[in-house]
Amino acid sequence: MKLITETTQDIKLIKEDVEGGPANYYISGVFMQAEETNRNGRVYPKKTLMKEVKNYKNFVDGKRAFGELGHPEGPTVNLERVSHIITDLYENGNNVMGKAKIMDTPNGKIVKNLLDEGAQLGVSS
């Protein structure tokens, strides 16, 4: 998963104040969709997509589901560019709903600042 600025559909910002510390930032909403054409012109059958989501949940549950700010150069996440960690993923009809915590990494700080300034960010799978 990657954070990008070009998609704003159904993404909600959650900012949780923490007593004596910095606020926690989360984004939640639709992370992927089955049976619809995505921005890459692909349509993923629900059965196929949900199978892959089930496999990916092992990364989510193991706190290894990282994402980058922007589009990565390849299929693997570069840990130097990490901005968020996916904390939840679940099926809702043809949608895969998710929640991601914005991390306190250099790129995570950029995301937090953008959100504080009112930028509309979204996710791209």
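Summarised in this report is the structure supplied together with it. (Residues numbered from 1 in each chain as written. Predicted model: local features only at pLDDT ≥ 70, side-chain atom pairs only at ≥ 80, totals over all residues. Heavy atoms only, no water.)

For the rest of this paragraph, the subject is helix α1 (residues 46-61). Spanning 16 residues, α1 covers 22 Å between terminal C-alpha atoms, matching the ideal 22 Å at 1.5 Å per step. Its maximal kink placed at asparagine 55, α1 deviates by approximately 30°. Residues of α1 that are buried include every one of Leu49, Met50, Val53 and Val60, and no others. Of the surrounding elements, those touching the buried residues of α1 are β3 (21-33), β5 (82-92) and β6 (95-102). (Helix = DSSP H or I, 4+ residues; strand = E, 2+ residues; numbered from the N terminus. Expected span 1.5 Å × (residues − 1). Bend = angle between axes of the 7 residues up to and from the residue. Buried < 20%, exposed > 50% of the residue type's maximum accessible area, 1.4 Å probe, protein only. Contact = heavy atoms within 4.5 Å.)

Another aspect to go through is the side chain of threonine 105. Summarising the element assignment, threonine 105 is placed in the loop between β6 and α2 (106-116). Among the residues examined, threonine 105 registers a relative accessible area of 18% and is labelled buried. Separated by 3.0 Å, the side chain of threonine 105 and the backbone nitrogen of glycine 108 make a polar contact. Those residues in contact with threonine 105 that lie beyond four places of it in its chain are Val82 and Ser83. (Polar contact = N/O pair within 3.5 Å; in protein donor to acceptor, adjacent residues only side chain to side chain.)

Another point: the nonpolar core. Core analysis: the largest hydrophobic core is formed by 15 residues, its most contacted members being Met32, Leu49, Val53, Ile86, Leu89 and Val96. For this core, the element with the highest residue contribution is α1, accounting for four residues. Setting aside anything within four residues of it in sequence, one finds leucine 89 in contact with Met32, Val53, Tyr56, Lys57, Val60, Val96, Met97 and Gly98. One finds Leu69, Val111, Leu115 and Leu121 within the second-largest nonpolar core, a separate group that totals seven residues. (Core = buried A, V, L, I, M, F, W, Y, C linked by side-chain atoms within 4.5 Å.)

Along α2, the positions that sit buried rather than exposed are Asn107, Gly108, Val111, Lys112 and Leu115. Each buried residue of α2 sits inside an arc of 145° when the element is viewed along its axis, so together they form one side. A positive backbone phi angle near 95° is found at glycine 118, which sits one or two residues after α2. (Arc of directions from axis to C-beta.)

Now for the environment of phenylalanine 59. For phenylalanine 59, the location among the structural elements is in helix α1. Expressed as a C-alpha distance, the spacing of phenylalanine 59 and isoleucine 85, which sit 26 residues apart in the sequence, is 10.0 Å. When residues no more than four places from it in sequence are discounted, the contact partners of phenylalanine 59 are Arg64 and Ala65.

Before going further, it helps to spend a moment on the pattern of salt bridges. Applying the stated criterion across every chain yields a total of four salt bridges. Among the ionic pairs, lysine 46 bridges to glutamate 91, the shortest N-O distance being 3.2 Å. You can see lysine 46 sitting in helix α1 and its partner glutamate 91 sitting in strand β5, a full 45 residues away along the chain. For lysine 46, a relative accessible area of 27% puts it in the partly exposed group. Its relative accessible area of 45% is what places glutamate 91 among the partly exposed residues. For the salt bridge of arginine 81 with glutamate 68, the shortest nitrogen-to-oxygen distance reads 3.1 Å. Taken as a pair, arginine 81 in the loop between β4 (66-69) and β5 and glutamate 68 in strand β4 lie far apart in primary sequence, 13 residues in all. By relative accessible area, which is 32% here, arginine 81 ends up partly exposed. (Salt bridge = Lys/Arg side-chain N within 4 Å of Asp/Glu carboxyl O.)

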